[in-house]
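Letter by letter, the chains look like this.
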Amino acid sequence: MSLKKYTMDDVKKDEVIWKNLVAQNEIALLKSCLKSKDYSKPYDLAEKNAWIIRTLRDKKQRYKFDSCKNLVLIGSGMYPYSMFDVHRQYPNIYQIGIEIDKNRCVISKKLIAASPCKDKIKIVNISAIDYDYSWLGIDDLVFISVDVDSKKIIEKIIKTSKAQVNICAPYDKTWLRNLISSFS
């Protein structure tokens, strides 16, 4: 299809396809890991320097993890590999994953319960707009997954907490820029 014929409806459809592809990749990985019923495997296989850490590394602000006591990931998903990565590198940070989808929460909680970080990561099944961020301090960090519609959430976090807010790498709308560049 030429760029001239590409509409906003096409963009919306491609975004849904991209989100489904991300979810399917996570499911495939988890299926391959969990055939043996060893729910601790995903912790060991989590990518090093995954999206949370990569976000601050890219901004040359990785030092912020040293003073961070609490970290919130909005859109933590069914496989919290990036949170596992943070735990391996910064085990002192307490993490909260916010996930709106109940089924993803169930899977995520099972993976965490079988991991060495079971006392350092908690998953909450709630809409990010309804979560109370007021307890977060100035050195605490909030990361928003790239596939979460974040504008209103960011406004709420800024109004109600002292935490620093980041959109996780690969950053907002990267999928769209990649799609557009494919037309070139």
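Our subject is the structure listed above.
Definitions and limits used
- Residues numbered from 1 in each chain as written.
- Predicted model: local features only at pLDDT ≥ 70, side-chain atom pairs only at ≥ 80, totals over all residues.
- Heavy atoms only, no water.
- Salt bridge = Lys/Arg side-chain N within 4 Å of Asp/Glu carboxyl O.
- Buried < 20%, exposed > 50% of the residue type's maximum accessible area, 1.4 Å probe, protein only.
- Helix = DSSP H or I, 4+ residues; strand = E, 2+ residues; numbered from the N terminus.
- Pairing = 2+ DSSP bridges.
- Axes fitted to C-alpha atoms, helices over the stretch in contact; angles between N-to-C directions.
- Contact = heavy atoms within 4.5 Å.
- Phe/Tyr/Trp six-rings, centres within 6.5 Å; stacked < 30°, edge-to-face > 60°.

Draft legend 1. Structural view of the pattern of salt bridges. Summed over all chains, the structure comprises 3 salt bridges. Ionic pairing is found between D58 and R57, a salt bridge with its closest N-O pair at 3.2 Å. Residue classification places R57 among the partly exposed residues on the basis of a relative accessible area of 37%. In this structure, D85 and R88 form a salt bridge, with 4.0 Å as the shortest nitrogen-oxygen distance. Here D85 and its partner R88 are both found in helix 5 (residues 81–89), 3 residues apart, which amounts to about one turn of the helix.

Draft legend 2. Structural context of the sheet that holds strand 3 (residues 121–125). The parallel open sheet is built from 5 strands, whose spatial order is 3-2-1-4-5. Single-partner strands in this sheet number two, and they are strand 3 and strand 5 (164–167). Adjacent strand axes in the sheet meet at a mean angle of 20°, parallel and antiparallel pairs treated alike. In terms of strand pairing, strand 1 (residues 70–74) meets strand 4 (residues 141–144) through 4 bridges, oriented parallel. The residue bridging I74 from the neighbouring strand is I144, located in strand 4. Each of strand 2 (94–99) and strand 3 touches helix 6 (residues 102–113); the most contacted strand, strand 3, lies at about 165° to it. Its contacts with the sheet put helix 7 (residues 151–160) on strand 1, strand 4 and strand 5, and the angle it makes with strand 4 is roughly 175°.

Draft legend 3. Representation of the packing of aromatic side chains. Throughout the structure, instances matching the rule amount to 6 aromatic pairs. Ring plane angle 25° and centroid distance 4.9 Å describe the contact between F65 and Y90, whose orientation is recorded as stacked. Pair noted here: F65 is in helix 4 (residues 64–67) and Y90 is in the loop between helix 5 and strand 2, with a separation of 25 residues, a long-range link. You'll find F65 and Y90 in the same group, each marked buried. Between the aromatic rings of F65 and F143, the centroid separation amounts to 6.3 Å while the plane-to-plane angle is 10°, which identifies the pairing as stacked. You can see F65 sitting in helix 4 and its partner F143 sitting in strand 4, a full 78 residues away along the chain. Its relative accessible area of 0% is what places F65 among the buried residues.

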